[in-house]
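# Structural characterization, general
Residue-level listing of the chains:
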Amino acid sequence: MNRLAHEKSAYLRHAAHQKIDWHPWSQEAFDRAAREDKPVFLSSGAIWCHWCHVMAKESFEDDAVAAILNEHYIAIKLDRDERPDVDRRYQQAVAAMGQGGGWPLSVFLTPDKKPFFGGTYFPPVERYGMPAFGTVLMAISRYYRENREEIEDQGGKFLEAIRRERKTVEPLSGTLIDEAARQMLAAFDRTNGGFGGAPKFPMSGAIEFLLGRYFFSGDEGLALMLKRTLSAMAQGGFHDQIGGGFHRYSTDSAWAVPHFEKMADDNAWLLRNYCDAYRVFGDPYLEDAARGIIAFVDRELSDPLGGFCASMDADVTPDDEGGYFTWTDEDLRRVLSDEEYRVLSMHLFDARNAVHHDPSKVVLSLRETVDAIARETGLDAVRTGEIIARGKQKLLAEREKRQKPLIDTTLYTSLNGMMISAYCKAYRTFGDRAILDRARLALERVLDVNVRDGELYHSEGVKAFLEDYACFCDALIAVCEATGEKEYIDEAKGLIDRCIERFWDGDGAGFFDTEQEVVGIRLKGIEDVPRPSPNALAILVLLKLAAISGDDRYRDHATKALMAFSSEASLMAIHGAYYFCALEAYYRMVKLELRAEAGSELAEATLFAHHPCTCITWGDPGESTIIPCIATTCFEPLTSAEALKEFLEVREPGI
């Protein structure tokens with residue numbers, strides 16, 4: 001047994017039985033490498049990662065590979081979810097080597113942590129145009145012994161390459177928002193929806209930004225694009241048609257066959273997207289997709305004591321990628337009645353969505369609508385819908401009998417913050433109190449588990465990163481807005497003050513990703529990778545707290561950060577989309593001071609009103625009014641839902 005058996009990370013424990021003398025990420029491992037004069041092999045991955053499991057089975061469980069690693073290297077296994085800071089730096093270093101990125105990440109380091117060679121997956125024998133992993137290990141070991149000076153020089157250069165040179169500070173302008181929207185529209189896939197080609201990620205930050213743009217502009221071209229994207233994602237195999245929720249990304253441009261892992265962060269941001277879209281467009285399929293995410297998260301990613309788990313693995317075994325989620329024609333015939341089989345196969349079974357390793361197994365996706373099937377079969381639409389609903393329930397029950405992929409039950413602060421905020425938005429969309437109750441329970445659990453002596457943690461034993469502060473502060477604000485319980489705002493202010501103190505770049509504005517240097521570096525970026533940027537979310541948190549508390553320090557920091565990142569975000573276009581959500585909010589934030597009893601008609605109207613850039617504060621409950629404010633200007637009190645709706649739709653601050 002190696003050193004991983006007692007680690008907190010499920011991914012590290014998963015490798016505890018291997019004969020490789022794995023270390024967790026620790027100074028001890030690098031000290032040993034220096035003493036024994038050996039290079040370090042770092043393998044970074046995650047419990048949900050299919051190719052991580054493949055490489056583990058093919059190579060890390062192979063006796064010959066284990067012998068090479070144990071003789072010639074000090075081996076470190078890293079969980080990228082537990083230590084995203086370390087993974088992020090070496091991902092960028094390997095990209096600087098021209099080797100791409102992703103997981104598993106395989107990096108070769110000097111004993112002082114400098115990367116000098118790297119890649120991702122290496123096969124056990126030469127194939128895919130790649131050398132065998134054992135061959136790579138022996139070649140790198142030899143290179144390390146014979147070229148030490150060159151390696152030291154190379155490693156330093158690769159680390160230097162990821163220290164970004166900051167762009168000059170630019171003045172802010174509303175034209176930046178218009179130009180960003182134009183660039184994002186240019187990347188729209190008019191055939192399949194979404195942005196760009198395969199592999200295709202949903203780019204939730206861009207969807208949230210463009211939904212806001214549609215709200216303010218009424219541009220019907222934007223509406224068509226957004227509806228096309230959201231419906232295509234919901235109809236494809238990228239969406240779990242049986243169990244709800246979405247997989248991580250699509251391997252093709254048409255959303256047909258996904259990578260099957262299901263992540264808390266992806267589903268949290270997509271829940272926000274589908275709730276916002278439903279409030280804007282009112283289409284039932286948008287509500288169904290949102291409620292499906294909630295059903296999946298409640299069933300699979302919810303801890304009974306409160307809080308949300310991190311992920312659901314892609315596979316049960318690496319030999320059958322997505323096997324838990326896929327179906328053969330024979331499966332459907334066996335589980336369903338003849339009538340259900342006829343209707344469900346027309347509705348969901350498309351043989352073109354077969355997985356590459358087994359053409360008999362298909363990813364279910366929406367093939368024909370209820371109305372089309374009704375016309376083709378002669379059944380009425382209501383009856384057809386009932387058959388589909390009953391058939392889906394049978395398929396889900398059958399799937400529950402299969403061995404389930406591993407669920408990572410770790411309660412990460414950042415992921416919980418994302419999901420809590422999304423659940424609050426879902427409550428404010430559908431009015432289901434149970435959704436809010438789960439959000440509050442999760443919030444209290446994180447406060448209990450991941451706050452120690454006033455210190456915020458990412459997970460047990462790992463201090464919080466910027467993403468934890470940004471996401472959890474956003475969650476605290478969201479719960480306060482939904483409930484009126486002001487102690488959550490006090491908690492958010494305390495955390496953001498600590499975040500400013502520890503993470504703020506006093507020389508150039510914006511937040512670093514870590515409190516201290518990691519591998520000699522602190523990174524500061526605005527890119528959505530692909531989930532929305534923590535810096536952008538932190539700016540939004542600052543803007544909300546400025547409006548809620550009246551403390552101009554928060555708005556000053558938000559302004560400086562927006563200026564610091566403006567030119568960088570503009571060059572990124574869709575990959576910097578959440579920055580433009582923050583910039584939009586900088587100009588258009590509406591504070592609604594709610595002076596009414598919780599549960600009253602006016603309180604409900606305020607919570608359920610839609611506007612992309614609002615924050616709610618709770619005042620004297622006896623007045624039955626809403627005081628709307630934009631920037632430093634407050635307007636006449638509003639006393640009805642109709643007056644509020646009119647104000648939010650008509651009132652536009654100048655940009």
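Position numbers for residues start from 1 in each chain and track the written sequence from start to end. Only residues with pLDDT of at least 70 get local features here, since the model is predicted, and only at 80 or more are side-chain atom pairs given and counted; chain-wide, interface and lining totals rely on the full set of residues. To obtain the side-chain values, all non-hydrogen atoms of the structure were used and water was disregarded.

Two strands qualify as a pair provided that DSSP identifies no fewer than 2 bridges between them. By the criteria applied, helices consist of DSSP H or I runs no shorter than four residues and strands consist of E runs no shorter than two, each listed in order from the N terminus. Across the sheet, which stays open at both edges, the 3 strands sit in the order S8-S9-S12 with antiparallel pairing between neighbours. Of all the strands in the sheet, just strand S8 (262-263) and strand S12 (407-408) have a single pairing partner and so form its edges. Direction of pairing for strand S9 (residues 311-312) relative to S12: antiparallel, over a ladder of 2 bridges. For Met 312, the partnering residue across the bridge sits in S12 and is Ile 407.

Let's shift gears to the packing of aromatic side chains. Where two aromatic rings form a pair, the distance of their centres and the angle of their planes describe that pair. In summary, the pairing rule links any two rings of Phe, Tyr or Trp, Trp by its six-membered ring, whose centres are within 6.5 Å, and it sorts them by plane angle into stacked for under 30 degrees, edge-to-face for over 60 and tilted for everything else. Scanning the entire structure with this criterion turns up 33 aromatic pairs. Summarising the aromatic geometry, the rings of Tyr 214 and Phe 281 are spaced 5.3 Å apart at their centres and angled 35 degrees between planes, so their arrangement reads as tilted. On the criterion of sequence distance, the pair formed by Tyr 214 in helix H9 (residues 204-217) and Phe 281 in helix H11 (residues 264-281) is long-range, its members being 67 residues apart. For Tyr 214, a relative accessible area of 15% translates into the label buried. In this scheme, a residue with accessible area under 20% of its type's maximum is buried, one over 50% is exposed, and one in between is partly exposed, where area comes from a 1.4 Å probe on protein chains only. The exposure class assigned to Phe 281 is buried, which follows from its relative accessible area of 15%. Three or more aromatic residues joined by ring pairs make a cluster, and in this case those are Trp 22, Phe 41, Phe 60, Tyr 73, Phe 108, Phe 117, Phe 122 and Phe 133. Only when the NZ atom of a Lys or the CZ atom of an Arg is both within 6 Å of the ring centre and within 35 degrees of the ring normal do we say a charge sits over the ring. A cation sits over an aromatic face here: Arg 148 above Tyr 144, 4.1 Å from the ring centre.

So, on to the sheet that holds strand S1 (residues 22-24). Spatially, S1-S3-S2-S4-S5 is the arrangement adopted by the 5 strands of the open sheet, whose pairing is mixed. Of all the strands in the sheet, the pair left with one neighbour each is S1 and strand S5 (115-119). The sheet shows a mean angle of 25 degrees between the axes of neighbouring strands, taken without regard to direction. Looking at chain direction, S1 and strand S3 (residues 74-79) are connected through 3 bridges and run parallel. Note on geometry: axes are C-alpha line fits, over the in-contact stretch for helices, and angles between N-to-C directions span 0 to 180 degrees.

This paragraph deals with the environment of Glu 28. Topologically, Glu 28 is positioned in helix H2 (residues 27-36). Between the C-alpha atom of Glu 28 and that of Leu 69, which follows or precedes it by 41 residues, the distance is 17 Å. The contact definition used throughout considers only heavy atoms, calling two residues in contact when any of these lie within 4.5 Å. With residues up to four places along the chain from it excluded, the contact list for Glu 28 reads Arg 3 and His 23.

What follows concerns the state of the cysteines. Cysteine sulfur atoms that pair up within 2.5 Å are treated as a disulfide. A full pass over the atoms with the stated rule returns 2 disulfides. Here Cys 49 engages in a disulfide with Cys 52; their sulfurs sit 2.5 Å apart. Between Cys 49 and Cys 52, the disulfide has an S-S torsion of 80 degrees and is therefore right-handed. Across the pair, exposure class does not vary: Cys 49 and Cys 52 are buried alike. Of all cysteine sulfurs, the one in Cys 499 lies closest to Cys 473, which takes part in no disulfide; the gap is 6.8 Å. The class for Cys 473 is buried, based on a relative accessible area of 0%.

Here we come to the pattern of salt bridges. A side-chain nitrogen of Lys or Arg and a carboxyl oxygen of Asp or Glu constitute a salt bridge if their distance falls within 4 Å. This model, assessed by the stated rule, comprises 60 salt bridges. For the salt bridge of Asp 303 with Arg 445, the shortest nitrogen-to-oxygen distance reads 3.3 Å. Residue Asp 303 is located in the loop between helix H12 (284-300) and S9, and its partner Arg 445 is located in helix H18 (residues 433-449); the two are separated by 142 residues in the primary sequence. Comparing Asp 303 with Arg 445, the two get one shared label, buried. Through salt bridges with shared partners, a single ionic network connects Arg 88, Arg 89, Asp 265, Glu 467, Asp 513 and Arg 531.

Further remarks concern helix H7 (residues 148-161). Residues three or four positions apart in an α-helix share a direction because the helix packs 3.6 residues into each turn. For a helix, the expected span equals 1.5 Å multiplied by the number of residues minus one. Relative to the 20 Å expected for 14 residues at 1.5 Å per residue, H7 spans 20 Å between its end C-alpha atoms, a close match to the ideal helical length. The complete set of buried residues in H7 reads Ile 151, Gly 155, Phe 158 and Leu 159. Taken end-on, H7 shows its buried residues confined to a sector of 95 degrees, consistent with a single buried face. Residues of H7 that are exposed and point over 90 degrees away from its buried face: Glu 149, Lys 157 and Ala 161. Buried residues in H7 make contact with helix H5 (84-96), S5 and helix H6 (133-146). It is the directions from the helix axis to the C-beta atoms whose arc is reported.

With that settled, consider a negative patch on the surface. Excluding any residue in a salt bridge, patches collect residues exceeding 30% relative accessible area, merging like charges within 9 Å and nonpolar Val, Leu, Ile, Met, Phe, Trp and Tyr side chains within 5 Å. Note that accessible areas follow from Shrake-Rupley with a 1.4 Å probe, and for residues the cover is restricted to the protein chains shown. The sign given to each residue is positive for Lys and Arg and negative for Asp and Glu; His and the chain ends receive no count. Each charge is placed at NZ for Lys, CZ for Arg, CG for Asp and CD for Glu. On the surface, Glu 444, Asp 448, Glu 487, Asp 490 and Glu 491 cluster together into a patch of negative charge. At the level of elements, H18 and helix H20 (487-503) are the ones that each hand at least two residues to the negative patch. For the negative patch, the element with the highest residue contribution is H20, accounting for 3 residues. Along the polypeptide, Glu 487 turns up in helix H20.

All right, on to helix H15 (residues 370-377) then. Every buried residue of H15 is accounted for by Ala 372, Ile 373, Ala 374 and Thr 377. Elements in contact with the buried residues of H15: helix H14 (338-348) and helix H16 (381-400).

Before going further, it helps to spend a moment on the packing of H11 against H12. The relative placement of two packed helices comes down to the angle between their axes together with the axis-to-axis distance. The interhelical angle for the contact between H11 and H12, taken along N-to-C directions, is 150 degrees, at an axis separation of 8 Å. Here H11 lies roughly antiparallel to H12, going by the angle between them. Crossing hand, H11 versus H12: left-handed. Residues Asn 267, Leu 270, Leu 271, Tyr 274, Cys 275, Ala 277, Tyr 278 and Phe 281 of H11 form the contact with H12, whose participating residues are Leu 286, Glu 287, Ala 289, Ala 290, Ile 293, Ile 294 and Phe 296. Note on residue categories: nonpolar means Ala, Val, Leu, Ile, Met, Phe, Trp, Tyr, Cys or Pro, charged means Asp, Glu, Lys or Arg, and polar means any other residue, Gly included. Residues that form the contact of H11 with H12 fall into these classes: 13 nonpolar, 1 polar and 1 charged. Relative orientations are named as follows: roughly parallel for angles under 35 degrees, roughly antiparallel for angles over 145 degrees, roughly perpendicular for angles from 65 to 115 degrees, and oblique for any other angle. Each crossing gets its handedness from the near helix: less than a right angle anticlockwise from the far helix is left-handed, clockwise is right-handed.

Take the environment of Pro 359 next. Within the element layout of this structure, Pro 359 appears in strand S11 (residues 358-362). We classify Pro 359 as exposed; its relative accessible area is 65%. Along the chain, Pro 359 and Thr 328 lie 31 residues apart, while their C-alpha atoms are 8.9 Å from each other.

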